[in-house]
Amino acid sequence: MFILVIYTGLTSKNFLTPDNGLNLLANMSYRLVIALGIAGCVITAGCDLSAGRMIGFGACIAGTLLQKVENSGRFFAQPQWEHFGNGILLKITPMNPFLVLLLVMVVCAVFGTVTGWFIAYLSVPPFIATLAMMEIIYGLGLLFTNATPLGGYIEGYTVFSTGKFLGLSYLIWMALIMAGITWFIFNMTRHGKYMYAIGGNPQAAEVAGVPVNMTLVLIYAKAAAFYGMAGYMLGAKAGGASVNTGLGYEMEAIAACALGGVSVTGGRGKVSSAIIGVAVLELLKTALQYLGVNANAQYIAIGIVIFIAASLDIRKYLTKK
């Protein structure tokens, strides 16, 4: 990757520029939040295939609540003014963007809790449980939006993408804050220690008194909340949303975790692993774009890198075992 970045920088004059770097970080921001959420699932030797659809669902919830009042295609087709009581006029305005962010995360966390409950208490394999939730969330999103794209957002929402603090986009700051919170959870809380214990050996963890079932439920609930936040961020960046927003992002997140060092066999992984994995994938995609590689061929390159990373990880696990 180092050689590729240096070569691309020497052959493409706009690659190693501050603007391209900031754009790269902005693209990494919501992908990092997704990877941070899914990392907990991977550390416990699980996965979450519902992430992509959960992102789209969260983006749609945020979009329906943060459209401009004067937007002709507004989802909730309400007049700007309504009679309230005895002739009193009430102005219909969008919700507070921060309140909507909290609402989106809570709603997604509820669905994540359901997924975690099936995995923990009914012993449904994570692959099957999250696959089922993926279909459920997609169906609910289609029913909720009637498969209609959303747009026309208020400035208070899109400013998360356009606004900056200390030269960095608000999206980047949000990702950094979530990375800090995740680091604290992984390293400084009992929940984090329980998570690694379950990933290492769930039977031994249960014998040692670890609340395995409750920990698994919290892991998948937390992951879903992160997906909701990522959907909120992606909607702000794109200026619109649909049920297909975030489609396939769960695969990129799992790949980023594997590339960065979150072991797919469970028990190992850090926040820095997710950051490195996301950075590697984004640098790879951006470098290939600047080199003029066919966009369809880029998937082949990413697939090869994932093959190599996963093979090395499994090899290390087998050697230690």
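Residues numbered from 1 in each chain as written. Predicted model: local features only at pLDDT ≥ 70, side-chain atom pairs only at ≥ 80, totals over all residues. Heavy atoms only, no water.

Draft legend 1. Local environment of the overall build of the protein chain. Broken down by element type, the protein chain carries 13 helices and six strands. For the protein chain, the C-alpha radius of gyration of 21 Å lies close to 20 Å, the compact-globule estimate for 321 residues. Dimensions of the protein chain along its principal axes, counting C-alpha atoms only, are 75 × 55 × 35 Å. Nonlocal contacts in the protein chain, meaning residues at least 24 apart in sequence, comprise 76% of its contacts between residues at least 6 apart. Counting only carbon and sulfur atoms, one obtains 67% of the accessible surface of the protein chain, whose full area is about 15,800 Å². (Helix = DSSP H or I, 4+ residues; strand = E, 2+ residues; numbered from the N terminus. Rg over C-alpha atoms; globule rule 2.2 N^0.38 Å. Contact = heavy atoms within 4.5 Å. Areas by Shrake-Rupley, 256 points an atom, 1.4 Å probe, with all protein chains shown as cover.)

Draft legend 2. Summary view of the packing of aromatic side chains. Overall, the coordinates contain ten aromatic pairs when judged by the stated rule. Judged by centre distance (5.8 Å) and plane angle (85°), the rings of Phe57 and Phe111 are edge-to-face. Of the two residues, Phe57 sits in helix α3 (residues 51–65) while Phe111 sits in helix α4 (residues 97–121), which places them 54 residues apart along the sequence. Since its relative accessible area comes to 9%, Phe57 is described here as buried. Grouping aromatic residues by their ring pairs yields a cluster made of Phe98, Tyr153, Tyr157, Phe160 and Tyr232. Between Lys222 and the ring centre of Phe226, over which it is positioned, the NZ or CZ distance is 5.6 Å. (Phe/Tyr/Trp six-rings, centres within 6.5 Å; stacked < 30°, edge-to-face > 60°. Buried < 20%, exposed > 50% of the residue type's maximum accessible area, 1.4 Å probe, protein only. Lys NZ or Arg CZ within 6 Å of the ring centre and 35° of its normal.)

Draft legend 3. Inspection of the side chain of Glu282 at higher detail. Turning to its location among the elements, Glu282 is positioned in helix α12 (residues 271–290). Among the polar contacts made by the side chain of Glu282, one reaches the side chain of Lys285 at a distance of 3.0 Å. Contact partners of Glu282, with chain neighbours within four places excluded, come to Leu24, Asn27, Met28, Arg31 and Glu252. (Polar contact = N/O pair within 3.5 Å; in protein donor to acceptor, adjacent residues only side chain to side chain.)

Draft legend 4. Layout of the pattern of salt bridges. Taken as a whole and assessed by the stated rule, the structure comprises four salt bridges. For Glu252, the salt bridge identified is with Arg31, shortest N-O distance 3.0 Å. One end of the pair, Glu252, is in helix α11 (residues 249–260); the other, Arg31, is in helix α2 (residues 18–43), and 221 residues separate them in sequence. Glu252 sits in the partly exposed class, given a relative accessible area of 27%. (Salt bridge = Lys/Arg side-chain N within 4 Å of Asp/Glu carboxyl O.)

Draft legend 5. Local environment of the environment of Val104. Its location among the elements puts Val104 in helix α4. Each C-alpha atom, one on Val104 and one on Val114, is 16 Å from the other, the two residues being ten residues apart in sequence. Dropping the residues within four chain positions of it, Val104 is found in contact with Gly58, Ile61, Ala62 and Gly228.

Draft legend 6. Layout of the side chain of Lys222. Its location among the elements puts Lys222 in helix α10 (residues 212–238). As a buried residue without a salt bridge, Lys222 has its nearest oppositely charged side chain in Asp48, at a separation of 10 Å. Setting aside its immediate chain neighbours within four residues, Lys222 contacts Ile185, Phe186 and His191. (Lys, Arg positive; Asp, Glu negative; His and termini not counted.)

Draft legend 7. The environment of Gly266, seen in detail. Tracing the backbone through its elements, the reader meets Gly266 in the loop between α11 and α12. Under the relative-accessibility criterion, Gly266 is labelled buried at 10%. Between the C-alpha atom of Gly266 and that of Thr64, which follows or precedes it by 202 residues, the distance is 38 Å.

Draft legend 8. A look at the nonpolar core. Val33, Leu36, Met54, Tyr157, Tyr227, Met229 and Tyr232 are the most contacted members of the largest nonpolar core, which totals 78 residues. Not counting residues within four places of it along the chain, the set of residues in contact with Val33 comprises Ala175, Met178, Phe226, Met229, Ala230 and Met233. Residues Ala205, Val210, Leu216 and Val217 belong to the second largest nonpolar core, which totals seven residues. (Core = buried A, V, L, I, M, F, W, Y, C linked by side-chain atoms within 4.5 Å.)

Draft legend 9. Focus on α3. Between its terminal C-alpha atoms α3 stretches 21 Å, which fits the 21 Å expected from 15 residues at 1.5 Å a residue. Among the 15 residues in α3, 15 count as buried, and that is most of the element. (Expected span 1.5 Å × (residues − 1).)

Draft legend 10. Representation of the environment of Asn213. In this structure, Asn213 sits in helix α10. The class of Asn213 is partly exposed, set by a relative accessible area of 30%. Placed 98 residues apart in sequence, Asn213 and Ser311 show a C-alpha to C-alpha distance of 30 Å. If sequence neighbours within four positions are ignored, Asn213 has contacts with Ala120 and Tyr121.

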